Amino acid sequence: MAAARKQKKVKEFEDLAPPEDRPAAGQVELEHRILEYVASTEYQPMKPRGLARAMGIARDEYGKFHDAVRGLMKAGRLVMGYGEAITAPAPVGRIQGVYRANPRGFGFVVPEDSTVHADLFIPPGQSLDAITGDTVLAQIVRKKQGPRLLLEGRIVEVVERASNRFVGELEKENGQHFVWPDGNSLRVPIFVGDVAAKAAKPGDQVVVEIVQYPSATTQARGVIVEVLGKTGDPGVDVRSIIWQHHLPDAMPEEALDEARQAIRRFDPDAQRTERLDLTSETIITIDPVDARDFDDAISLERRDDGTWELGVHIADVSFFVPEGGPLDAEARKRGNSTYFPRHVIPMLPEILSNGVCSLQEGEPRLTKSAYIRYDSGGKVLGARFANTLISSAQRLHYVQAQQIIDGDPDAREGIGEHVVQLCQDMDELARVIRKRRLQHGMLVLDMPEVELVLDDENRVIDAAPADASFTHTIIEMFMVEANEAVARLFEGLQVPALRRVHPDPDDPDLQQLRQFLAVMGHKFPARSNRQAIQKLLDSVRGKPQSYAVNLAILRSMEKAEYSPKALGHYALASSAYCHFTSPIRRYPDLAIHRLLDLHLAGKLKTKAQRKNAPSEEVLTELGKHCGYTERRSEAAERELRMVKVLELLSQRVGDTIEGVVTGVANFGVFIEVRKFLVEGLVRFNELPDDWWEINQKAGAVVGQRTGRRIAMGDVVTAKIINVDIPARQLDLSMADEQPQQRPRAKARTSPGKRRRKTRAK
C-alpha cells in the first residue's frame, strides 16, 4: 500500500542548389531537421510559428527557421496548404480521401494516405456531387502565389458514399412526394415514389434512402425506410438529430452482457485489501442538480504547517471495462457521451455510468485518486496516486454548495459540520489556485451561457442565464490541477500519453485579432502574450462589447485536440495536460486510467516495461478518432439546441429581440440573440434604407446617406421575420433605432469594401 501512495516529485539531404545559392552548413542542418519532422507519420500540419514551437526552435533562432522554411517552399520541398499550414508536397496527380463539405460552398478532402499530411482544399464548384463523408478521388492543382506554393483540388470521382440516408419532413406538391433533408449537408429535394409502403404521410419526419444522387441533369430520388413520427411531436427532433449525425443509440447486447458480468463480480469488501481504503474520510461530490452520473469527488486536508493536500477521486471505470472486450470496443467507437436536453447517449451502459461507476452518496465505490500537495500560496509541492475505495459523505449541487459556503442557515440544515468546513476550505484553496494560475497566464473567457427552460414535452418555453456560482470554478480548478498532475507524471516517466493539447495562436490569427481590436479602439501589442490578452479581457468585462471581444479572441485560437505531442495547453497556461477526470463520458480519460494502472502496478519503471504502454502511433490514431466523435457530438448537441429554440421563435414571428452583432459578410449581418444564444442573419435588403458600404476588415457596415454604422459588438434591436427550422435558419430585420455604440478608433476604409443599396419596405 505504501508503494501505491509513494510520492512523485514535481519539478540528411543532398544540396542541389548552385554554389552561390547554397545555404551555410548550419542552415542545411536546420532544413534537414524541418524536412525530417514534417515527414514523420505523427506530424499534423501546422502554421510556421506552431511548427517552430513543436520543434523546440528558440525565439532568437526563429529568423533562421523562417528563412529555412521559405527556402524549402521555394524549392518545392514544402508547401503551404489551406490555413497557411506547412506540409510536405502531395504526390502529383490524384489522391483519395474523405470529403468534408462546408456550408459556404467549399470543402476539404482528408487523404487516406498517411504520408500525405495536409487536407486538400476544394474550392466552391469543384466538389462534383460529393457530400460530407463520401470517399472521393480528387485531382491536385498546384498554384503559385508569390513565394508560396499552394495546393487545391477538384473532385473527379465519388468512390464510395458515406451515407445514403437522410432525415427530413415528407411534403407533397403537384402530386409529387419529396423530402427536403434537414441541415446543410444536402440542400436539394429528394423525390420519393411509393410512400404507402411505410404508411408515411405529408408532415411526417422520415428517413429516406437515396437511390439516385443529384447531378446537373438528374434529380435526387429515394425511398422511405423509416417514419420517425409527426414533425414537431415530442421526441421526434431528438430521433432526427441522432439519425442525421449518425450517432449510436441502442447499446449492443454483447456490451450489455459484459457490463452485467462486471457488476456481478464487483465486491467492494474484497477491494478493501487491494486498495487504499478511504471510506472513513470526508469526501463529497458537487454536480449539477439534475446530474445522473457522478465521476469525481473531492477531499481536502489542511495541515498545521500551512500546507494543503487535495484529493481528487475519479470513478475507476477501467476496473469494469477491460481493454479489448465488446464493452471497450463500443465505448471506443462512441468516443464520448452525447448530451441532449433530458436525453443522453451514453458512452457506457447506464447500468455502469449511473450505477456502480457513479460515486453515489453513501455507497462504496472504486476510484483512482490523485493527491496534490500545495504550500500556502497554492504552489504545487508534489503529487501521489493510488487505487482507492471511497464512500461519498454528501452529494451537493452547485447552488447548494455555494449557499453553504456563503453561510446560508437553511442550506446548512442537516449538513454535518465536517462537510461545511470542507466546503469552506475548498473555496479558500480554489481561490489561491486560481490566483496562481492567472498569474501564470491562464485565460478565462467571459462567454455567456444560458439554460433552456423546457415544458413536460421537452419543448423550449424560455431561457435563463446559467448559474454562475463560484462552486463551478472550485470544481473546475481542482479538475484542471488533477489533469495536470497526471500529465506531469507520465512526462516524468517519459511514457507516451494521450494529451489534451491547445497550440499557441499563430501570428496571422493574432494579426487579424489586432486589426479588429484596433477598429474597436483597443491597443493590442505587436508582441502579444497571455498577459496582454488577460488585460484586454479585464478591460471589457461587463461592457456591451465584451461578447464581441471574447468571441474574437476565441476565434483567434486553435481548437484543443487529443495528441501525444508535447504542445502544451495555451489557454490553461499549462506545459503538460491530459484528460483524466471524466472516464464515464470520455474515452481518452479511460485510456489515461489504464496507463495509470500500469504505473501503479510498477510496470513502467524500466525501458523494457515502458513498451507495455501504447505507442505514439497508436495514440495519434486514437486522438484523431476521439477528436472526430467529440466534434460530432458537439455538432449534434448544438444543432438540437438550435432546433428547439427555433421551434419557439417560429411562434414569435414579428416580435423584436435584442442581440449582439457577431459578424459581417457580403450578404448580411449576423446577430446573436442574447436571450437564447442562437445566431440570426439580417440580409442587406432587411437593413434600413441606405447605401451600405461593407468593410469586412473592420467588421462593420456604414450607411453612406445617414452615417449609421453597424459593427461587431454593437447591441441592436431586430425583428424576427422568418424561421426555417429544417434549414436551421433565423431571418431578422434591423429595427430603425441606432445600436448602442461605443467610441471607436478612426480607421481607414478598406479598398475592398462593397456597397449594397436597400430600399425602404
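Computed from a predicted model, the values in this text were never measured in an experiment.

Definitions and cut-offs
- In this convention, every chain numbers its residues from 1, walking through the sequence in written order.
- Predicted model: local features are reported for residues with pLDDT of at least 70 only, side-chain atom pairs are reported and counted for 80 or more only, and whole-chain, interface and lining totals are derived from all residues.
- With hydrogens and water stripped out, all remaining heavy atoms of the structure feed into the side-chain values.
- Exposure is judged per residue with a 1.4 Å probe applied to protein chains only, and the accessible area is read against the type maximum: over 50% gives exposed, under 20% gives buried, and values in between give partly exposed.
- In this description a helix means any DSSP run of H or I spanning at least four residues, a strand means any run of E spanning at least two, and both kinds are numbered starting from the N terminus.
- Two strands qualify as a pair provided DSSP detects at least 2 bridges between them.
- For this analysis, a nonpolar core means a set of buried residues of the types Ala, Val, Leu, Ile, Met, Phe, Trp, Tyr and Cys, connected via side-chain atoms within 4.5 Å.
- Here, two residues are considered to be in contact whenever any of their heavy atoms come within 4.5 Å of each other.
- In this scheme Phe, Tyr and Trp rings, the latter by its six-membered ring, pair at centre separations within 6.5 Å, and the angle between planes marks the pair as stacked below 30 degrees, edge-to-face above 60, and tilted otherwise.
- The criterion for a charge sitting over a ring is simple: Lys NZ or Arg CZ within 6 Å of the ring centre, and within 35 degrees of the ring normal.
- To obtain each axis, a line is fitted to C-alpha atoms, and for helices this fit is confined to the stretch in contact; angles are then taken between N-to-C directions over 0 to 180 degrees.
- In a left-handed crossing the near helix is turned counterclockwise from the far helix by less than a right angle, and in a right-handed crossing that turn is clockwise.
- In the sections that follow, a salt bridge refers to a side-chain nitrogen of Lys or Arg positioned within 4 Å of a carboxyl oxygen of Asp or Glu.

Successive side chains on a regular strand alternate, one facing one side of the sheet and the next facing the other. For strand β5 (residues 107–111), the buried fraction is high: four of the five residues fall into the buried class. With five bridges joining them, strand β4 (residues 94–101) and β5 adopt antiparallel strand pairing. For Arg-100, the partnering residue across the bridge sits in β5 and is Phe-108. One ladder, built from three bridges, connects β5 with strand β6 (residues 120–122); its direction is antiparallel. Note on β6: the bridge partner recorded for Gly-107 is Ile-122.

To continue, consider the nonpolar core. Here is a general trend for soluble globular proteins: nonpolar side chains tend to be buried in one another's company. If you look at the biggest cluster of nonpolar residues, it comprises 56 residues, and the most contacted ones within it are Leu-396, Met-426, Phe-478, Phe-490 and Phe-580. The element contributing the most residues to this core is helix α13 (residues 470–493), with 13 residues. The residues contacting Phe-490, other than those within four sequence positions of it, are Val-495, Ala-497, Ile-592, Leu-595, Leu-596 and Leu-604.

Here we take up helix α4 (residues 236–244). Burial runs high along α4: seven of the nine residues are buried. Of the residues making up α4, those classed as buried are Val-236, Asp-237, Val-238, Ser-240, Ile-241, Ile-242 and Gln-244. Positive backbone phi, approximately 55°, marks His-246, located one or two places after α4.

On to the packing of aromatic side chains. Applying the stated criterion across every chain yields a total of five aromatic pairs. The interplanar angle of 50° and the centroid separation of 5.8 Å between the aromatic rings of Phe-178 and Phe-191 together place this pair among those described as tilted. With a gap of 13 residues between them, Phe-178 in strand β10 (residues 176–181) and Phe-191 in strand β11 (residues 190–192) connect regions that are remote in the sequence. Assessed through its relative accessible area of 8%, Phe-178 is described here as buried. Here the aromatic cluster, defined as three or more aromatic residues joined through ring pairs, consists of Phe-266, Phe-319 and Phe-320. Between the NZ or CZ atom of Arg-500 and the centre of the ring of Tyr-562, over which it lies, the distance is 4.5 Å.

What follows concerns the sheet that holds strand β27 (residues 656–665). An order of β27-β28-β29-β34-β33 is seen for the five strands of this closed barrel, with the pairing classed as mixed. Each strand axis lies, on average, 50° off the axis of its neighbour in the sheet, ignoring direction. Note: strand β28 (residues 668–673) against strand β29 (residues 678–683), six bridges, orientation antiparallel. Each bridged residue has a counterpart across the sheet, and for Phe-670 the counterpart in β29 is Leu-681. Across the sheet, helix α16 (residues 546–555) touches β27, β28 and β29, and the angle it forms with β27 is around 35°.

It is worth spelling out the sheet that holds strand β9 (residues 165–173) at this point. Taken in spatial order, the five strands close into a barrel running β9-β10-β11-β13-β12, and their pairing is mixed. Across the sheet, the mean angle from the axis of one strand to that of its neighbour is 50°, orientation sign disregarded. Two strands pair when backbone bridges link them, and strand β12 (residues 204–212) and strand β13 (residues 220–230) are joined in this way by eight bridges, in the antiparallel orientation. Each residue of the ladder has a partner; that of Gln-205, found in β13, is Gly-229. α4 contacts β9, β12 and β13 of the sheet and is inclined by roughly 140° relative to β13.

With that out of the way, let us pick up the packing of α4 against helix α18 (residues 616–649). Put simply, α4 and α18 touch, their axes get as near as 10 Å, and they point 145° apart. Of the two elements, α4 crosses α18, and the hand of that crossing is right-handed. Between α4, through Asp-237, Val-238, Ile-241 and Gln-244, and α18, the contact on the second element is made entirely by Ala-636, Glu-639, Leu-640, Val-643, Lys-644 and Glu-647.

Take the pattern of salt bridges next. Considering all chains together, one arrives at 35 salt bridges under this definition. One salt bridge in this structure joins Arg-260 and Glu-253, with 3.1 Å as the shortest N-O distance. When its relative accessible area of 44% is taken as the criterion, Glu-253 is described as partly exposed. Linking Arg-303 and Glu-301 is a salt bridge whose minimum nitrogen-to-oxygen distance equals 3.8 Å. Put simply, Arg-436, Arg-437, Glu-481, Glu-484 and Arg-488 are held in one network by salt bridges that share partners.

For the rest of this paragraph, the subject is unusual backbone geometry. Positive phi outside glycine occurs at Arg-342, with the angle close to 65°. Inspection of the secondary structure puts Arg-342 in the loop between β18 (338–340) and β19 (343–345). Take Arg-342: its relative accessible area is 52%, and that puts it in the exposed class. We note that Arg-728 has phi near 55°; this positive angle belongs to a residue other than glycine. With respect to the helices and strands, the residue Arg-728 is situated in the loop between β33 (715–724) and β34 (729–734). Among the residues examined, Arg-728 registers a relative accessible area of 14% and is labelled buried.

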